[in-house]
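Structural characterization, general
Here's the letter readout for the chains.
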Amino acid sequence: MDKGTLVEFRVQGDRRLGIVDRPDGKTRWFVIDERGQSHSLAPRQISYTVNGQTYKPNEIGSFQGQVQPYIDPSSLEVAWELLVEDGETVTPAQMANLLFSESEAAACYAAHCLLSEDKLYFKQKGEAYEPRTAAQVAELKHQTEVKALKAKGQEEFLARVEQALQGEAVEWQRHDRQRLEALEKYAALLADVVRMGVNYDTLARAYPPPAPVLETMNMLGRPATPPGAFQLLIDLGWWDAHENLFVRRSSIPVQFPSKVLEVAQQRLDFPPIDLDANRLDLSHLKVYTIDDESTTEIDDGLSWELLPDGRERLWVHIADPTRWLVPEDELDLEARKRGSTVYLPTGMVPMFPELLATGPMSLVQGRVSCALSFSVVLDETGGVEDYTIHPSLIKPTYRLTYEDVDEMLELGVEAEPEIEAIANWAKRRKSWRYNQGAISINMPEATIKVKNDEIDIDILDDSSSRQLVAEMMIMAGEVAARYGQAHNIPLPFRGQPQPELPPEEELLLLPAGFVRSCAMRRCMPKSEMSITPLRHAGLGLNTYTQATSPIRRYSDLLTHFQLKAHLRGESLPFTADQLREVMMTVTSTTQEVTMVERQTNRYWALEYLRRHPDQVWDVTVLMWLREDSNLALILLEDLGLQLPMFFKRSVGLGEQVLVKVSHADPQKDMIQFQEIIYQESHQATN
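Just so we're clear, the structure is a prediction, and the values are computed from it rather than from any experiment.

1. Some details on unusual backbone geometry
Of note in the backbone geometry, Asn488 takes a positive phi value of approximately 55 degrees without being a glycine. By the element assignment, Asn488 lies in the loop between helix 17 (464-486) and strand 19 (493-495). Residues other than glycine seldom take positive phi values, yet Asp669 does so here, at roughly 55 degrees. Looking at the secondary structure, you find Asp669 in the loop between strand 24 (656-665) and strand 25 (670-675). For Asp669, a relative accessible area of 24% gives the class partly exposed.

2. Quick look at the packing of aromatic side chains
Going through the model one piece at a time under the given rule, you end up with twelve aromatic pairs. For the pair Tyr55 and Phe63, a centre-to-centre distance of 5.6 Å together with 70 degrees between the ring planes defines the contact as edge-to-face. When sorted by exposure, Tyr55 lands in the same class as Phe63, which is buried. Taking 6.3 Å as the distance between ring centres and 50 degrees as the angle between the ring planes, the aromatic pair formed by Phe157 and Trp172 counts as tilted. Taken together, the residues span a long stretch of sequence, with Phe157 in helix 5 (residues 134-165) and Trp172 in the loop between helix 5 and helix 6 (174-187) at a distance of 15 residues. Of the two residues, Phe157 and Trp172, both sit in the buried class. Among the aromatic residues, ring-to-ring pairing joins Tyr48, Tyr55, Phe63 and Tyr109 into one connected group. Arg338 extends its terminal NZ or CZ atom over the ring of Phe256, reaching a point 3.6 Å from the ring centre.

3. Considering the sheet that holds strand 1 (residues 6-11)
With antiparallel pairing, the five strands of this open sheet are ordered in space as 4-3-2-1-5. The open sheet has two free edges, formed respectively by strand 4 (38-41) and strand 5 (46-50), since each of these has just one partner strand. Neighbour-to-neighbour, the strand axes of this sheet turn through a mean angle of 40 degrees, independent of strand direction. Bridging between strand 1 and strand 2 (residues 14-24) involves six bridges; their strand directions are antiparallel. Looking across to strand 2, one finds that Leu6 is bridged to Ile19. Contacting strand 1, strand 2, strand 3 (28-33) and strand 5, helix 1 (residues 60-67) crosses the sheet at an angle of about 140 degrees to strand 2.

Basis of the calculations
Residues numbered from 1 in each chain as written. Predicted model: local features only at pLDDT ≥ 70, side-chain atom pairs only at ≥ 80, totals over all residues. Heavy atoms only, no water. Helix = DSSP H or I, 4+ residues; strand = E, 2+ residues; numbered from the N terminus. Buried < 20%, exposed > 50% of the residue type's maximum accessible area, 1.4 Å probe, protein only. Phe/Tyr/Trp six-rings, centres within 6.5 Å; stacked < 30°, edge-to-face > 60°. Lys NZ or Arg CZ within 6 Å of the ring centre and 35° of its normal. Pairing = 2+ DSSP bridges. Axes fitted to C-alpha atoms, helices over the stretch in contact; angles between N-to-C directions. Contact = heavy atoms within 4.5 Å.

Next up, the structure:
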């Protein structure tokens, strides 16, 4: 090349013009740009040569000024339309003639600039350019539009995010929701820290962020990790700081499908024909429903009556949701999918839509209700002497709380002798069960309620009223199972193998009370389910099934379906094999529900302790978890909580210790205590 030749070259992707100054060795050239900077270029680095005349470095700006008027990218579309049919290649010089009817250096270079920057109409082929096909151009235009829309969407999303971060109300769009839902799924992985016992680092390695999450987090300059996604959702006001990740990580449906809600409303508006047309009218009986004050699904009631022969008859009335559904319909299948009502500190997730569950399915005071009533006559010892089961009509007389009943029993209310009679039979019944081998393990149980971010933990008192209700429900379960056994009906029978308890002399070596109960509880085998009768060692019964909560437990609903069909003289809705298959599915679901309830309760228990760092708790050392490292299970009796604690000194089982919370992180499922010793300065931490 001659000295003074004007060439185009690239510096880190930027287009530059320069003047050839002199050779640099055999193949390279020194080129001086308009800034006076010298560059050593190989021939492959030179992308265009301006032919026809020579230039000086100070003339580069003037040349660029001549080129600029020709730079109009839209003009290429006209040229492409002229050339696409023949598909012939075109050089920059030819393009200059076609576009500008000129072949001067500035016009030719402008054509080169347009063609080399074009990503739509032409593609380079050697030193010339070939028009893309109409289909290729259409696809590229589509991709360009998509990118533009995406960029616009991202820009608008960022604007809404900024609004939300400033605490302003935001109307999220459909695409926003898709982004946020992807973040929800990723953030919910934090539940695995508790569920699987993994740490954050392991979690991040096991679950790298999916592309939509990575894009969103990078766009916002946030760490693309489950904790990062969790915090972003809180900052946006999309999630509460105490979002229940255990529910989100589970398969438990929180909302009802619109179709199920529609069916529920239809059943309410147009009640189906009652298959039990000959219900026993028991509306003359005084019926007591006894529940916690907050209970909305009322599924059991109790009655007592004196028979003409002087015997006493107990009635256990159970709500009859099968009045409103049939096996395999939408309501039944939805309840089966849920397995049970989920009880959480923040509220419940019902098994049936609430408009049915708390309405016509429940035993509401003063309203005639359909029920399945168990009539039982006990012998003097508390064993079942006679029983019958009836689809019935009842009219609950009193809606009572446990506290109401305890007060009535304590005061001996003469106007309600039925309550005292039922309580006396409950005591006799309990004594009978323990004579049959029932096992009593008394450990404090707590209920945790969260309302308006206030956490309340109450110990469930094993009061006379609760024992009364429990014994009547167990009795109804035994009667339902005995009926199934007598008539060879497959039911979801429940059993528990006989435990191998420690020898008496070994138990006596342990401190009496909670430590001894804890040791016995560890020996209790898991309950079992079967379509044939089983002995329930824990309850002291030869056969048992649950039948008293059909609004809240699907296995109880199955019992109702089977019993009621047999009482009507109809074919059973579930054969033995069908029942076994349904029970397997439901058992798996209810196990997940139980796990979510337990994890959620533990979360709020730790949150409660986190909020009370200065509270001194009186705890009991229950058992060793790892005695060689002084890791024990302690009981906070005031809260009914059992938690691990490391000790830095030797302690004994049953020892009473004062502790404070030194660190609590509910999200990481971490709790650490420090022992308080007022006379000495010893401390033990976990």
